[in-house]
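# Survey of secondary and tertiary structure
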Amino acid sequence: MILCCGEALIDMIPNTTQSGQAAFVPHVGGAVFNTAIALGRLERQAGLLSGVSNDLMGRKLQDALGSSNVDAQYLIRSDRPTTLAFVELQNGHAKYAFYDENTAGRMITDQDLPAIGADIHALFFGGISLACEPCADTYASFLEQHGQERAVVMDPNIRPGFVPDEARYRARLKAMLAQADMVKVSDEDLAWIMPEHTSLQEQAAALQACGPAIVLVTRGEKGAIGLLANGEQVEVAAERAEVVDTVGAGDTFNAGVMARLDEFGLMQKGALRNLDADNLMQALSWGAKVAAITVSRAGANPPWLHEL
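A short tour of the structure in this document, coming up. Every value quoted in this text rests on a predicted model; they were computed, and no experiment measured them. (Residues numbered from 1 in each chain as written. Predicted model: local features only at pLDDT ≥ 70, side-chain atom pairs only at ≥ 80, totals over all residues. Heavy atoms only, no water.)

## With respect to the nonpolar core
Ranked by size, the top nonpolar core spans 49 residues in total, and within it Leu 48, Met 182 and Leu 261 carry the most contacts. If sequence neighbours within four positions are ignored, Leu 48 has contacts with Leu 3, Cys 4, Gly 6, Ala 8, Val 32, Phe 33, Ala 36, Leu 65, Val 70, Asp 71, Tyr 74 and Leu 75. Of all hydrophobic cores here, the second largest spans 47 residues; its members include Ile 116, Val 163, Leu 207 and Ile 225. (Core = buried A, V, L, I, M, F, W, Y, C linked by side-chain atoms within 4.5 Å. Buried < 20%, exposed > 50% of the residue type's maximum accessible area, 1.4 Å probe, protein only. Contact = heavy atoms within 4.5 Å.)

Set out below in structure tokens:
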């Protein structure tokens, strides 16, 4: 099983009523939740470790996991509210306003963490859960406890406006990156993490020097590049798509990459650290196909395997 560790929330997507009034429609979401859902729909064994509320929205999240074949046994349930993310679309690109104080997802601590089984061979971390305390420290602790023998994948999904203490965040992120085997960032994320470097190539190499064997960089319509442990680089073009919105695009790209590597039996720590260019190229291409379907429809609605 690939255990996805991080937030599950409700995306409030803009829409209009029949009378033409502006409205928001609730959709299950969250970067890590979306990745877990996409993995389940791509018929890989996936689970979610997250703080989830017992409220109405929390039940919607759990029901969505079940209907997409995602294992919910590692959910940490509480009576705190569910995080809400109101989405504003600007030329199809999503901007977010989060309502996250004292929520079920944010307030988990080390004492809440479950024991995990030997069937979990890979861990995925990402999203706003790596920025917001106390859950950020909790996920960092979980990685330290369980990441040494398992493949570790990260997508920091940087949102600078969501970081209350940049120095603390950068220190935590650096410690987690040092334990990762593969890291995916957008070009914007990469520029924020490595501001002292100017070119994308220099930034990616500097990120790789922090610890991960593989660095993946997505560049929107320009496609994605992958930097291997031996310094070799591969590149794939973006799949052509009629973009409705970009909500969940990066999350489903992550799932596509991991799903293909898992299918090849390569979602293991040693295998990732010795990955060859051909396998990485196939994984990136699959990720691009998965993401292209997601952006062609509203909200984070990853494709099922039969759609590919």
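## As for the packing of aromatic side chains
Centre-to-centre distance and the angle between the planes together describe a pair of aromatic rings. With the rule as written, the count across this model stands at five aromatic pairs. The residue whose ring lies beneath Arg 170 is Trp 192, and the NZ or CZ to ring-centre distance is 3.8 Å. The ring of Trp 286 is capped by Arg 260, whose NZ or CZ atom sits 4.1 Å from the centre of that ring. (Phe/Tyr/Trp six-rings, centres within 6.5 Å; stacked < 30°, edge-to-face > 60°. Lys NZ or Arg CZ within 6 Å of the ring centre and 35° of its normal.)

## Considering helix α1 (residues 31-41)
Of all 11 residues in α1, 11 are buried, a share of seventy percent or more. Within α1, burial applies to Ala 31, Val 32, Phe 33, Asn 34, Thr 35, Ala 36, Ile 37, Ala 38, Leu 39, Gly 40 and Arg 41. Looking one or two residues past α1, Glu 43 carries a phi angle of roughly 65 degrees, positive in sign. (Helix = DSSP H or I, 4+ residues; strand = E, 2+ residues; numbered from the N terminus.)

## A few points about the sheet that holds strand β2 (residues 9-16)
The four strands are arranged β3-β2-β7-β8 in an open sheet whose pairing can be described as mixed. Since the sheet does not close on itself, it has two edges, and those belong to β3 (22-29) and β8 (93-99), each with one partner. The sheet shows a mean angle of 30 degrees between the axes of neighbouring strands, direction not considered. The sheet contact formed by β2 and β3 spans eight bridges and is antiparallel. Across the sheet, residue Asp 11 finds its bridge partner in β3, namely His 27. On the sheet, helix α2 (residues 56-67) packs against β2 and β3 and is oriented at approximately 50 degrees with respect to β3. (Pairing = 2+ DSSP bridges. Axes fitted to C-alpha atoms, helices over the stretch in contact; angles between N-to-C directions.)

## Comments concerning the packing of α1 against helix α7 (residues 249-263)
Interaxial distance between α1 and α7 falls to 8 Å at its minimum, and their mutual angle equals 40 degrees. As summarised for this structure, α1 and α7 are arranged oblique, according to the angle between their axes. The hand of the α1/α7 crossing is right-handed. Seen from α1, the contacting residues are Ala 31, Asn 34, Thr 35, Ala 38 and Leu 39; seen from α7, they are Asp 251, Thr 252, Asn 254, Ala 255, Met 258 and Ala 259. Looking at the contact of α1 with α7 residue by residue, the class counts come to six nonpolar, four polar and one charged. (Parallel < 35°, antiparallel > 145°, perpendicular 65-115°, else oblique. Left-handed = near helix turned anticlockwise from the far one by under 90°. Nonpolar A, V, L, I, M, F, W, Y, C, P; charged D, E, K, R; others polar.)

## Section: helix α3 (residues 135-146)
Taking 1.5 Å per residue, 12 residues should reach 16 Å; α3 reaches 16 Å between its end C-alpha atoms and fits that length. Across the 12 residues that make up α3, a large majority, nine, are buried. Three or more residues of α3 are buried, namely Cys 135, Ala 136, Thr 138, Tyr 139, Ala 140, Ser 141, Phe 142, Leu 143 and His 146. (Expected span 1.5 Å × (residues − 1).)

## Section: the pairing of strand β4 (residues 46-53)
Where a strand is regular, its side chains alternate between the two sheet faces. Buried residues dominate β4, accounting for eight of its eight residues. Residues Ala 46, Leu 48, Ser 50 and Val 52 point to one face of β4 and Gly 47, Leu 49, Gly 51 and Ser 53 to the other, with burial holding for every one of them. Where strand β1 (residues 2-5) meets β4, four bridges bridge the pair, whose relative direction is parallel. Bridge pairing in β4 links Leu 3 to Gly 47. In terms of strand pairing, β4 meets strand β5 (residues 70-71) through two bridges, oriented parallel. Across the sheet, residue Gly 47 finds its bridge partner in β5, namely Asp 71.

Interpretation in functional terms is not warranted from these geometric data alone.
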